Amino acid sequence: MTAPPDGDVIRVVLADDHPVVRAGLAALLSSLPGIEVVGVAATGREAVREAVTTRPDVAVLDLQMPDLDGFAATRELARTAPDVAVLVLTMFEDDDSVFAAMRAGARGYLVKGAEQDEIARAIRAVAAGEAIFGPGVARRVLSFFSTPPVPAADPFPDLTTREREILDLLAAGLSNTAIGTRLGLASKTVANNVSTIFTKLAVADRAAAIIQARDAGLGGLGGLGG
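Residue positions are given per chain, counted from 1 along the sequence in the order it is written. Given that this is a predicted model, residues contribute local features only at a pLDDT of at least 70 and side-chain atom pairs are listed and counted only at 80 or more, while totals for whole chains, interfaces and linings are drawn from all residues. Side-chain numbers come from the whole structure's heavy atoms, not from hydrogens or water.

Asks: How would you summarise the overall build of the protein chain if you had to cite specific residues and measurements?
Replies: Under the scheme used here, helices are H or I runs from DSSP no shorter than 4 residues and strands are E runs no shorter than 2 residues, and both carry numbers assigned from the N terminus. Helix and strand content of the protein chain: 10 helices and six strands. Only C-alpha atoms enter the radius of gyration, while the globule expectation follows 2.2 Å times N to the 0.38, with N the number of residues. A globule of 226 residues ought to have a C-alpha radius of gyration of about 17 Å, yet the protein chain, at 28 Å, is considerably larger. Structurally, the protein chain occupies a C-alpha span of about 85 × 35 × 30 Å along its principal axes. Here, two residues are considered to be in contact whenever any of their heavy atoms come within 4.5 Å of each other. Contacts in the protein chain between residues far apart in sequence, at least 24 positions, make up 64% of those at least 6 positions apart. Split by element, the accessible area of the protein chain, about 11700 Å² in all, is 54% carbon and sulfur. When charges are counted, Lys and Arg contribute as positive and Asp and Glu as negative, whereas His and the chain ends are disregarded. By convention, charge coordinates are those of NZ in Lys, CZ in Arg, CG in Asp, or CD in Glu. For the protein chain, the separation between the mean place of its 21 positive charges and that of its 28 negative charges on side chains is 8 Å. For the area figures, the Shrake-Rupley method with a 1.4 Å probe applies, and any residue is considered shielded solely by the protein chains shown.

Asks: Now, about the pairing of strand β3 (residues 58-61): what can you tell me, with residues and values included?
Replies: Exposure classes here rest on a 1.4 Å probe applied to the protein chains alone. A residue is buried below 20% of its type maximum, exposed above 50%, and partly exposed in between. Neither face of β3 is exposed, since Val 58 and Val 60 on one face and Ala 59 and Leu 61 on the opposite face are all buried. In terms of strand pairing, strand β1 (residues 10-15) meets β3 through four bridges, oriented parallel. Paired with Ala 15 across the two strands is Leu 61, which belongs to β3. Across four bridges, the pairing between β3 and strand β4 (residues 85-90) is parallel. Following the sheet pairing, Val 58 is matched in β4 by Ala 85. Considered for its hand, the β-α-β crossover made up of β3, helix α3 (residues 70-80) and β4 is right-handed. Pairing between two strands is assigned when DSSP locates at least 2 bridges connecting them. Here the term right-handed applies to a crossover when the path leading from its first strand over the helix to its second strand runs clockwise, the strands being oriented away from the viewer.

Asks: Could you give an account of the nonpolar core, with specific residues and numbers?
Replies: Inside soluble globular proteins, nonpolar side chains tend to come together where they are buried. Think of a nonpolar core as a cluster: buried Ala, Val, Leu, Ile, Met, Phe, Trp, Tyr and Cys residues, connected wherever their side-chain atoms sit within 4.5 Å. Ranked by internal contacts, the top residues of the largest apolar core, which has 25 residues, are Leu 61, Leu 77, Val 88, Ala 101 and Tyr 109. For this core, the secondary-structure elements that each account for two or more residues are α2 (44-54), β3, α3, β4, α4 (95-104) and α6 (135-146). Ignoring anything within four residues of it in the chain, the contact list for Ala 101 reads Leu 63, Phe 71, Thr 74, Val 88, Ala 106 and Tyr 109. Among the nonpolar cores identified, the runner-up in size contains 23 residues, and Leu 14, Leu 110, Ile 123 and Val 126 belong to it.

Asks: Could you give me a rundown of the packing of helix α7 (residues 161-171) against helix α9 (residues 187-201), with the residues and numbers involved?
Replies: Where helices are involved, their axes are fitted lines through C-alpha atoms of the stretch in contact, as for all axes, and angles between N-to-C directions lie from 0 to 180°. In the contact formed by α7 and α9, the axes pass within 10 Å of each other and the chain directions differ by 90°. In terms of their interaxial angle, α7 and α9 are classed as roughly perpendicular. The segment α7 lies against α9, with Arg 162, Glu 163, Ile 166, Leu 167 and Leu 170 engaging Asn 193, Val 194, Thr 196, Ile 197, Lys 200 and Leu 201. Any angle from 65 to 115 degrees is called roughly perpendicular, while one under 35 is roughly parallel, one over 145 is roughly antiparallel, and all others are oblique.

Asks: Go over the pattern of salt bridges, please, and point to the residues and values.
Replies: The rule for a salt bridge is simple: a side-chain nitrogen of Lys or Arg has to be within 4 Å of a carboxyl oxygen of Asp or Glu. Under the defined criterion, the tally for this structure stands at six salt bridges. Here Lys 112 makes a salt bridge to Asp 16, at a shortest N to O gap of 2.6 Å. One end of the pair, Lys 112, is in the loop between β5 (108-111) and α5 (116-127); the other, Asp 16, is in the loop between β1 and α1 (19-31), with 96 residues separating them in the sequence. On the accessibility criterion, Lys 112 (28% relative accessible area) is partly exposed. Given the relative accessible area of 0%, Asp 16 is considered buried. Note that Glu 76 is salt-bridged to Arg 79, the shortest N-O span being 2.5 Å. Separated by three residues within a single helix, Glu 76 and Arg 79 lie in helix α3, roughly one turn from each other. The class for Arg 79 is exposed, based on a relative accessible area of 61%. Connected via shared salt-bridge partners are Asp 16, Asp 62 and Lys 112.

The structure is reproduced here in structure tokens:
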């Protein structure tokens, strides 16, 4: 979206299902310099309707709302009003909620109880096209991306390295002779390894072994030469 020029008022739609919270937030946001509340909503569907009608710069959404929750409302806004930046303001700060909201299209995520200055800064940031998180949420996001990914489980833990190489070439469609040539093994050695592979995979024939291997991503000749 195009951010409002410096000095222009940022127009905001606010959605929260609790009347007292909604009124308090509306009063708070209206008191902030350079911010104008142009619509309020009690449900996700109302929030989408207000945003589509008024075309604000920012929609401040709670996640837990009737009719259409904040996640669905964010996705709907991304489809129907893509120029409206979504800032989530909610009581939930678990990883699932944070990442689900960001995947839905939210540009910012604050937890209720944030200071007035923090809310104002977040609204201005998302209006300018930036992504912003409250301190606790930011730590979660950074931790998520700094944690090494968990290696995928080995689909064939009983196979030796050599047996895995042979299975990979089987899955690529090579014959025993061709596998022997590629790996520098006698055909009989390859045949013995193939029999062992069948036993370990609990399959009766070459076709069944190939199916299992390809389902596990083997057969691409990766790392074995062209």
